[in-house]
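As a plain string of letters, each chain reads:
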Amino acid sequence: MRTAVAVWRRRHSPLCRTTDLVEAWVTFAAVLLIALAAPAVGWLCGTLTRAALQESVRVQHEQRHPTTAVVVRAAPERAVIPDPEMASERATRTQVVAKWTAYDGTRHTGTVTTTRRTGRPGDRFQVWTNEQGQVVGRPMDNTTASTHAAIAGLGAAAATVALFEGARRLVVWRLMLRRYARLDQAWAKAGPDWGRTGAGS
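Each chain carries its own residue numbering, running from 1 in the written order of its sequence. Local features in this predicted model are restricted to residues of pLDDT 70 or higher, and side-chain atom pairs are both shown and tallied only at a pLDDT of 80 or more, whereas totals for entire chains, interfaces and linings draw on every residue. Side-chain calculation: all heavy atoms of the structure are included, whereas hydrogens and water are not.

1. Regarding the pattern of salt bridges
Between side chains of opposite charge, a pair can form when the charged atoms approach closely. We define a salt bridge as a contact between a side-chain nitrogen of Lys or Arg and a carboxyl oxygen of Asp or Glu at a distance within 4 Å. With the rule as written, the count across this model stands at 5 salt bridges. For the salt bridge of E55 with R58, the shortest nitrogen-to-oxygen distance reads 2.4 Å. Residue E55 and its partner R58 are both found in helix α2 (residues 18-63); the two are separated by 3 residues, about one turn of the helix. Residue burial is assigned from relative accessible area. The probe radius is 1.4 Å, only protein chains are included, and a residue is buried under 20% of its type maximum, exposed over 50%, and partly exposed in between. Residue class for E55 comes out partly exposed when judged on its relative accessible area of 39%. Linking R120 and D123 is a salt bridge whose minimum nitrogen-to-oxygen distance equals 3.7 Å. Numbering of helices and strands runs from the N terminus; a helix is a DSSP stretch of H or I covering at least four residues, while a strand is a stretch of E covering at least two.

Right, here's the structure in full:
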């Protein structure tokens, strides 16, 4: 950016090349787009994502119902599954056979996942079921939806910045190639005079 400003200040100098001015304008445009477009894209993406996730939260809370399950026995093949939401060893989860009553009053029995602290026969723990009485995951809450929306917005803004900066670097790279090509042409014209008497070498 400082280089572009310096070039712009010396734009009337005979040493200022056309490619220098183009590079300055490209840099200015990239900075302007990053400052204005990237936040706008991030805000729009975050807003749309939040609206979609809030709708998912509403639907999940309508279709999923909490109930209490009772452990009957350990699952035939006991499997310990680490809980990604809890890092402590006590929070590891295990599979058990449990019974529960669904939202419509029907009784169900099946293999479900619970913590080790509630994995003994007779222990009770909360599960969420769908309208068919099958155990499903906990519905998303508003805080989680807002967090995911914010992350999506930041990601979109960062991707926009990367896009504009990548385009700027590509244009500058092409300008550099053009400068080198013109320099090679100038050297080629001056080459036949090398080493000649009176040629200034």
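2. A look at the pairing of strand β1 (residues 65-74)
If DSSP finds at least two bridges between two strands, the strands pair. Where β1 lies against strand β5 (residues 124-129), 6 bridges are found, and the strand directions are antiparallel. Paired with V70 across the two strands is R124, which belongs to β5.

3. Looking at α2
Here α2 contains 46 residues, and its C-alpha end-to-end distance of 65 Å stays within 8% of the 68 Å for a straight helix at 1.5 Å per residue. Of all the bends in α2, the largest measures some 35° and sits at I34. Residues T19, D20, E23, A24, T27, A30, A38, G42, G46, L53, V57 and Q60 constitute the buried set of α2. To estimate the expected span of a helix, subtract one from its residue number and multiply by 1.5 Å. Note on bend: the value at a residue is the angle between axes fitted to the seven residues ending there and to the seven starting there.

4. Some thoughts on helix α3 (residues 142-190)
Over its 49 residues, α3 extends 72 Å from the first C-alpha to the last, a length consistent with the 72 Å expected when each residue adds 1.5 Å. Looking at α3, one finds that the buried residues are A145, A149, G153, A156, A157, T160, R168, V172, L175 and R179. Any two residues whose heavy atoms approach within 4.5 Å at even a single point are treated as in contact. Check the buried side of α3 and you find it contacts α2.

5. Topic: the packing of α2 against α3
Comment: axis = line fitted to C-alpha atoms, over the contacting stretch for helices; angle = value between 0 and 180 degrees taken between N-to-C directions. Packing of α2 against α3 leaves a shortest axis separation of 7 Å and a crossing angle of 160°. On the basis of their axis angle, the class for α2 and α3 is roughly antiparallel. Between α2 and α3 the crossing geometry is right-handed. Looking at the contact of α2 with α3 residue by residue, the class counts come to 21 nonpolar, 11 polar and 7 charged. Any angle that is under 35 degrees is reported as roughly parallel, and any over 145 degrees as roughly antiparallel; angles of 65 to 115 degrees are reported as roughly perpendicular and all others as oblique. Definitions for this section: a left-handed crossing has its near helix turned counterclockwise from the far helix by less than a right angle. A right-handed crossing has that turn clockwise. Residue polarity is assigned by list, with Asp, Glu, Lys and Arg as charged and Ala, Val, Leu, Ile, Met, Phe, Trp, Tyr, Cys and Pro as nonpolar; anything else, Gly included, falls into the polar class.

Remember, this is a structural readout, not a statement about activity or role.
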